[in-house]
Each structure stands twice: as structure tokens, then as C-alpha cells.
Amino acid sequence: MSQNPHLPAAIYDYMIAHNPPADQLVDELVKETAAMGAIRTMQVGIEQAALLAFMVRLVRARFVVEVGTFTGLSALAMARALPADGRLLCCDIDEEYTSVARRYWERAGVAERIDLRIAPALETLRALPSTRSVDLAFVDADKEGYIHYYEELVPRLKPSGILIADNLFMNGRVVDEQPDPIALASTAFARHIQTDPRTETVIVPIGDGFSFSRVVSCDH
């Protein structure tokens, strides 16, 4: 199901039909997550997962960082796209939902590529070496923390490294007359990345809005 309420269902179905097909493992993970109720919307769409895998391959990533893992679909897609010696660091605080992720990573044979840290993401990110070692980062967690996560990750991205963030639209709430605090946090993040001289950024209507920020200057 599309996370973009402005995209007609027929167009979404057409896109999915002509994208790389999801396999049985992905189908099972999507169905298990869907059965959790309203919280299922925290899962990325399968088209978003396919794009993340594409980006991992495009930048030839060897070290990827994810902030916000939930039941693990995005991590599964990215880990599968990594080379055998690649590494994916996942940051999350929920043991219950990530236990679902762990099961599917094991079944996919990529668990050894994934280092899941159950702790506040800022603690995990700040403990990383200050060197530019991250090829790609994906942020899909609490919106109030986005700017903080971005500020920890950008100095650790390799030259031309890319940071992708989800939910830039908040299902349209960012343009409400009186946006709620979470939507306001998303807008603050959008403004922050728009004016950062270290990166160039584009926001695109994929799912609930993806931003792509590429490092262009390491001098700041």
C-alpha cells in the first residue's frame, strides 16, 4: 500500500507491477507487519525498499547506517544489496519490533552483515569514529531527532556520500494551516537541509516524501 495519499491507487499498482518483483520473503514480512494494525505505516513501502537497495548498489556502498529499523524491510533490502563484506549499522530502541526484523534477516542470510544496536540513536552515532567512513545513511525515525541525526551523520559521510530521509511530507500535514509538532519538526528539517552548504538536497514524492542530501563540501 502506498504511503502517498495523493498517488492514485491504480498508478501505484502500475508502478509496483513494473518494478523489480518482491520475493516471498518480502511478501511475508509485509503481511506480518500489516497485521500489526495502524503501526504498520511505520514500514517503508516496497517501492521505497527497492529504491534504497538501488542506491546502495549505485554508490557501491560498503558501510551503511540506518536510523529507525522497525520490522526491518528497509534494512533487509539494503543488506541484500551490500557486498558480502559490507556492513549495515541499524539504530533502534524497540526490541519487540526489531525481533521481527532479526528473523527475516536470518532467513535471508544477511544477518551477519547487520549490526543492530538497541539504544538511543544519538548515542550510537556519537560513538562512531569521526572519520568519513559512511557511504549511505537512511533516517526514518522520530522527526524531532532528524536534525540531530543529520548533524552527526553528515561529517561521517564520505565525499559524495548520500543521506536519505523519509516522511518529509507527513501525509500532507506539513502544509496544514496549523501543523502539529511532528509536522513542524519535519518542516524544520527540510529547511535545515535546504540551506546546508555542505550538501546539495532534493526532495522527491516517493512514498511519504524522500529527501536526498549529497555531500559536496568537506570544508565546513
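Asks: Help me out: how do you make sense of the pairing of strand E6 (residues 199-204) in this one?
Replies: Consecutive side chains of a regular strand alternate in pointing toward one face of the sheet and then the other. Relative to strand E7 (residues 210-215), E6 runs antiparallel, the two being bridged by six bridges. Each bridged residue has a counterpart across the sheet, and for Val-204 the counterpart in E7 is Phe-210. In this structure, the hairpin formed by E6 and E7 is closed by a connection of five residues, where Gly-207 is found at a positive phi of approximately 55°.

Asks: Help me out: how do you make sense of the environment of Ala-188 in this one?
Replies: Along the chain, the position of Ala-188 falls in helix H8 (residues 181-194). Put simply, Ala-188 and Tyr-146 are 42 residues apart on the chain and 9.2 Å apart in space, counted from C-alpha to C-alpha.

Asks: Looking at this model, I keep getting lost on the packing of aromatic side chains. Mind explaining?
Replies: In total, this model carries five aromatic pairs according to the counting rule given. Where Tyr-146 meets Phe-189, the ring centres are 5.2 Å apart and the plane angle is 85°; that geometry is what we call edge-to-face. Of this pair, Tyr-146 sits in helix H7 (residues 146-153) while Phe-189 is found in helix H8, placing the two residues 43 residues apart along the sequence. For the pair Tyr-146 and Phe-189, one class covers both residues: buried.

Asks: Where do I start with the sheet that holds E7 in this structure?
Replies: Hydrogen bonds between backbone groups are what pair the strands of a sheet, and the pairing can be parallel or antiparallel. Pairing within the open sheet is mixed, and its seven strands lie in the order E3-E2-E1-E4-E5-E7-E6. Each end of this open sheet is capped by a strand with a single partner; those strands are strand E3 (114-118) and E6. If you compare each strand with its neighbour and ignore which way they point, the axes differ by 15° on average. Of the strand pairs in this sheet, strand E1 (residues 63-67) and strand E4 (residues 134-139) are connected by four bridges, and their pairing is parallel. Each bridged residue has a counterpart across the sheet, and for Val-65 the counterpart in E4 is Ala-137. Where helix H3 (residues 46-58) meets the sheet, it contacts E1, E4, strand E5 (157-165) and E7, and its direction lies at approximately 10° from that of E7.

Asks: Would you take a moment to explain the nonpolar core for this structure?
Replies: Proteins that are soluble and globular tend to have nonpolar side chains buried together. Val-56, Val-64, Met-78, Leu-88, Trp-105, Leu-136 and Ile-164 are the most contacted members of the largest nonpolar core, which has 35 residues in total. It is helix H4 (residues 73-81) that contributes the most residues to this core, seven residues altogether. Among all residues touching Leu-136, those that are not within four sequence positions of it are Leu-52, Met-55, Val-56, Val-59, Phe-63, Val-64, Val-65, Met-78, Leu-157, Ile-162 and Ile-164. Listed in part, the 23 residues of the second largest apolar core include Leu-128, Val-134, Val-139 and Leu-157.

Reading guide: rules and limits
Residues numbered from 1 in each chain as written. Predicted model: local features only at pLDDT ≥ 70, side-chain atom pairs only at ≥ 80, totals over all residues. Heavy atoms only, no water. Pairing = 2+ DSSP bridges. Helix = DSSP H or I, 4+ residues; strand = E, 2+ residues; numbered from the N terminus. Phe/Tyr/Trp six-rings, centres within 6.5 Å; stacked < 30°, edge-to-face > 60°. Buried < 20%, exposed > 50% of the residue type's maximum accessible area, 1.4 Å probe, protein only. Axes fitted to C-alpha atoms, helices over the stretch in contact; angles between N-to-C directions. Contact = heavy atoms within 4.5 Å. Core = buried A, V, L, I, M, F, W, Y, C linked by side-chain atoms within 4.5 Å.

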